[in-house]
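Results of the structural survey
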Protein chains: 2
Amino acid sequence: MIEQVVNILQQDCKIHEQGLLIVGVSGGPDSLFLLNVLYECGYNLVVVHINHKLRPEADEEAQYVRQAAAQIGVDCVVWEVDVLGFAEKHKIAIEEAARRLRYQHLFDQAQQRSASAVLVGHTADDQVETILMHLLRGSGLVGLRGMQTCTLPNSWSEHIPLVRPLLFTWRSDILQYLAEKQIQPAFDQTNLDTAYYRNRVRYDLLPQLEEYAPRLRQNLLRLGQILSDDYQLIQRQVDIAWTICLLNHEQGYLAFHRPNFERQLPSVQRYLLRRAIEGFVPGLTDVGFECIERGRKFIAENKPSGQVDLLDGMRLIRDVDVFWLTSGDDLPISAYPQLKPDETIAIPIPGRSLLKNSWVLETEMVADNKQAIEQEKRNNDRYQAWFDMDKISLPLVLRSRESGDRIHPAGMDGHSIKISDLMINQKLPLRARKNWPLICCGDKIVWVPGYRQSGLATIDKQSTSIAHLILVRKLST
Amino acid sequence: MIEQVVNILQQDCKIHEQGLLIVGVSGGPDSLFLLNVLYECGYNLVVVHINHKLRPEADEEAQYVRQAAAQIGVDCVVWEVDVLGFAEKHKIAIEEAARRLRYQHLFDQAQQRSASAVLVGHTADDQVETILMHLLRGSGLVGLRGMQTCTLPNSWSEHIPLVRPLLFTWRSDILQYLAEKQIQPAFDQTNLDTAYYRNRVRYDLLPQLEEYAPRLRQNLLRLGQILSDDYQLIQRQVDIAWTICLLNHEQGYLAFHRPNFERQLPSVQRYLLRRAIEGFVPGLTDVGFECIERGRKFIAENKPSGQVDLLDGMRLIRDVDVFWLTSGDDLPISAYPQLKPDETIAIPIPGRSLLKNSWVLETEMVADNKQAIEQEKRNNDRYQAWFDMDKISLPLVLRSRESGDRIHPAGMDGHSIKISDLMINQKLPLRARKNWPLICCGDKIVWVPGYRQSGLATIDKQSTSIAHLILVRKLST
C-alpha cells in the first residue's frame, strides 16, 4: 500500500526525498493518510489547510489539522478563504469556487517555498467517481481517462507538478490503515449530503451500477489507466500534426494551413481545434463537441472565405488556404507583408524599408555574378528575388496595386497578365490584396513578392550589377 | 432520416446502387424499417430471416417476413437453426449461439450470391446499450467505441462488409415512421423479458442513469463516434509499430524484436500484444487486460530467457533480444540457421548446401579481386563472408560446435577466443547455440556466421582465388 504510493511519487512523478512537498490536508481520512505515509517515508513536508468557513465545524477542523501537523513536527499553514464571495464574484458554483481557491493557495504556498510539488489526497474511489461523472456528462477520451497521478504543466503552474499519489489506493484500505494505527480523522470527509452531484454518484449511482457489474469500480479505475496511455499516444501524434498545421501563433490569433489540416484524421482535427481554442483562452477547458464540429465543418467547406463563431467571442476566419482562430475585431493580417493605404516608398539599395507589422524589405548588391545565379537557382523563399539593375531605371518603388496594373512575367514571351487576375489565381488572401506591396520601376511592375517576378530584369551570365531583395518579417526577439 | 441512412451506405461504406445487398430481417420494427428504406432507395435486395425456433410465435414471424418481402417483390430466404443444440455443442450462451448462427447464415447467403454487403438493423439505441455494457464489463477503447457502421474484414468475411446503416437512427423515430406509413411490425422486437442482461440495461439501467444525465443517450452515441475516430488514429500508429517490431510471422509462431517493442509507448505495446494474440487464434476477441499486462511485464523483465503463459495454451518465450508468441510445444527456432544434431556437410564451391528450416549456404567464386574487396567493405549482412581460398586447405566443412572450439578473429593479433564465450558475449540465443553452423577447414574455425570471421583467410589486394559465402533462408514463394 505504502509501496504503491512511493512508486507513484518516484517513478511516475520523479519526486525524490530532497525536495519540499506541499501537502493539502483537509483533516479527513484520505489526506491524513497521505500526510502519515509521506512523513513515514521521510519526505520534507509543509501542511496546507484551507478553511472554507462553510460549515460550523470548520474552525475545529483547522485546529485539528494544526495539531496533527504539530505532533509530527511538520510546518502547517492555515488559510481562511471567502468561498461564497468568490463564487458570487465569478458566478460559479460554490464547489467550483472552493476548488479554485484551494488550489490557488496550495500553489501560492509552493511557489513561495520553492517546493517540488503540490500533493493532494484523491483516492481510487474519487477517480472512479470522476470517470463516471465525465461519462455521464458526455466527455471524450480526455475526461474518461480521469485524474492524472502527475499533472505538469497544470492550470496553476508551469513547473510545479500537481501530484495525486493515492489515485490507485482504495478508501476502504485507507480507513483500515488508520484504524490499525489508531489515527482518528477530524471528520468523515465523505460528506453525506447527497444534494451534491458527486455524493449522489457516490452513494446512489455507484451501488446501483455494481448490481449490474460487481467489479465496476476496478473496471473503471483500469479504464482510466488504459485511456491515459492511449491519450498519451494520441497527443504525441497531435503534437506532430500541430507543427505541420500551425502557420503563426501571435498575440490575438492563431493561423493554420488549411490543406494540411484537412489531410489529418478526424480525431486529430478535433484535438487540434481543441488545443487551439483552449490555448487561446487560459483556463478554458471543456470545449463542447458541437463547437469543435462546427469548426471542422466550417474548415471543410469548399469556399474561399468566410467565418464562423465558436464560443466566448472566438471565431474561425477562412482565407483560401489559411484559417485563423481569433477573438479580435480586426482581422489578423500581420502575417502578410502590407503597405499602409496609399503608401509609396522609394527603395534604397543597399538599405532597409520598413513596412507594416514588422515586415522589412532588405536590399543589397551582389558582386559575384556566379554566386547570385547559384543563389537564385537554389532559392525556395517566395519573398526573395534578384534583379539585373542595368535593365532597370532607378528608383525602385514600393506601392500597392492600381487599377489596370499588369506584369510581364519571365518566360511568357512578352505576354502580360493583370495583377488582379494573378492575385485571384494565386489565391492571394482577399483581405491582403489591396495593400500588397508591389516593387515597381516607373510604370512597370518588376516583382509581386510571393507570387511572380517580371521578365524585365532577370539576371543572367552577362549581368554585372545585381541587386538582391528580401522581404522578411522581423519579430522582436 | 432516410438521408442519414443513405449517407452511411454511400459515404462510410462506399455501397452504391448496383450491387446486391443481403438484409437480415427479424420482422421487428428496426429491420422492417431498414428493408423499407432500402427498397424505397432502389437497392437490389435479398431478405434473409433466421428462424431461431426459440419462441412459440417464431414460425408465424418467419411467415410474416416472407409476406413482407413478397409484397415488395424481394427474394426472401428463411433459415431454421438449432440454437439450443449449437449452444450446447460449443458451450456458449443461447444469445451468443443465436448471434453466431445468424451471422453465419447471412454471410453464407452473401457469399453464394456474390453480394456486396450484409446489412443489419442495429439502431442508435442498440449502440448506446452496447457501449454501456462494454463500459460495465471493463472494456477499453475497442469496446467503448461501440459497433461500427462498416466492418471489414469481419469475423465472417475478408471482403464482404457487415454494414449497420441505422446506427445513428433512434428507435423512437423508426416507430413513428412505421406508424405514419401504417407498417405494422410482426412483433415488438424489444423483448420485455428482462432476464436477459441487455434488456435489464435497456429497461432498468438506462432510465436510472438518465436521472443523473438527461442527455445520456445522445452523449454515449457521440462518445462512440469520437472514440471510433480516436481508435482509427491509434491503429494507424500500431500498424507502423507492428512492422517495426515483428521479425517473423509463420505457422505456429510470431517473433518480435524486443528492444523495438520496449521503445513503444505502453498504449502501443498493449495493442501490439492484443493484435498478436487475437491474430494467433482466429475468432478470439476480448483478451483480458490482465493477460496483456502479464505479457508486457514479462517482456520488460531484465532476463535473457524465460517464458510466461498467456491464455488458451499461448505462451511468450524470450531469447535475449527476441520474444516469441507460440502455442506449440517445440520452441520456434526456424528463424536461425541450424544444423541437424551431429551433422557435418562438405561445402561445394560453387554450390549450395541445405540446412534445416529452408536455410541454405550458397557459395561462389569471385573472379574480380577489386569487386570482392569493394563488396566486402560495403557488406552489412552478418550472414555473408569472403575468403582467400589460397590460405585455406580444402574442403570447407559445416559442423556444429565441439567442446574447446576456438576462433582467431581478424585484427586480434593472433589471439583466440572460445566459441562458447563468443556465443554468450554476442547474446546468440541460448537454444540456437548447440546446432549453430560453423564453417571449418580442418580443425580451424574460419567463420561463425552472424558473429565473427577468423583472420586466417581474409582477402586482400593480393588475393587471386576468392570465395563468397552467403547463408540465407529461402522461404517458398
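Every value quoted in this text rests on a predicted model; they were computed, and no experiment measured them. (Residues numbered from 1 in each chain as written. Chains lettered and ligands numbered in written order. Predicted model: local features only at pLDDT ≥ 70, side-chain atom pairs only at ≥ 80, totals over all residues. Heavy atoms only, no water.)

1. Regarding the packing of helix 12 (residues 266-280) of chain B against helix 13 (residues 289-300) of chain B
Residue and element names in this part refer to chain B. At a minimum axis distance of 10 Å, the contact between helix 12 and helix 13 shows a crossing angle of 110°. With respect to helix 13, the element helix 12 is oriented roughly perpendicular. By crossing handedness, the relation of helix 12 to helix 13 is classed as right-handed. Here helix 12 contributes P266, Q269, R270, L273, R274 and I277 to the contact with helix 13, which in turn contributes F289, C291, I292, E293, G295, R296 and I299. The residue makeup of the contact of helix 12 with helix 13, split by class, is seven nonpolar, two polar and four charged. (Axes fitted to C-alpha atoms, helices over the stretch in contact; angles between N-to-C directions. Helix = DSSP H or I, 4+ residues; strand = E, 2+ residues; numbered from the N terminus. Parallel < 35°, antiparallel > 145°, perpendicular 65-115°, else oblique. Left-handed = near helix turned anticlockwise from the far one by under 90°. Contact = heavy atoms within 4.5 Å. Nonpolar A, V, L, I, M, F, W, Y, C, P; charged D, E, K, R; others polar.)

2. Regarding the interface of chain B and chain A
Taken together, the contact pairs 41 residues of chain B with 41 residues of chain A. For the chain B and chain A pair, buried surface summed over both sides reaches about 3900 Å², with 64% attributable to carbon and sulfur atoms. Among the residues of chain B in contact with chain A, Y212(B), L233(B) and L265(B) are the three that bury the most area, contributing 19% of the side total. On the surface where chain B and chain A come into contact, there are four salt bridges. As a salt-bridge pair, R222(A) and E290(B) come within 3.1 Å of each other at their nearest N and O atoms. Here chain B and chain A share 19 residue pairs in polar contact (both at pLDDT 80 or more) between them. (Buried area = accessible area lost by both parts, 1.4 Å probe. Salt bridge = Lys/Arg side-chain N within 4 Å of Asp/Glu carboxyl O. Polar contact = N/O pair within 3.5 Å; in protein donor to acceptor, adjacent residues only side chain to side chain.)

3. Regarding the state of the cysteines
All told, the structure shown has zero disulfides over all chains when counted by the stated rule. C245(A) forms no disulfide, and the closest cysteine sulfur to it belongs to C291(A), at a distance of 18 Å. Classification of C245(A) as buried rests on a relative accessible area of 0%. The thiol of C441(B) is unpaired, and the distance to the nearest cysteine sulfur, on C440(B), comes to 8.5 Å. Under the relative-accessibility criterion, C441(B) is labelled buried at 9%. (Disulfide = S-S within 2.5 Å. Buried < 20%, exposed > 50% of the residue type's maximum accessible area, 1.4 Å probe, protein only.)

4. Regarding the relation of the copies chain B and chain A
The two copies are related by a screw operation: chain B maps onto chain A through 180° of rotation and 0.1 Å of translation along the axis, at an RMSD of 0.4 Å. Classification of the inter-copy transformation places it as that of a two-fold axis. For chain B, the residue whose C-alpha comes nearest the rotation axis is I234(B), separated from it by 3.4 Å. Most of the interface of chain B is mirrored in chain A, where 100% of its interface residues again form contacts. (Least-squares fit on C-alpha atoms with pLDDT ≥ 70 in both.)

5. Observations regarding the sheet that holds strand 6 (residues 162-163) of chain A
All names here are of chain A. If you walk across this open sheet you meet the six strands as 3-2-1-4-6-5, and the pairing is mixed. The outermost strands of the open sheet, each flanked by one partner alone, are strand 3 (75-80) and strand 5 (150-151). The strands touched by helix 5 (residues 94-112) within the sheet are strand 1 (20-24), strand 2 (44-51), strand 3, strand 4 (117-119) and strand 6, with strand 1 carrying the most contacts at an inclination of about 160°. (Pairing = 2+ DSSP bridges.)

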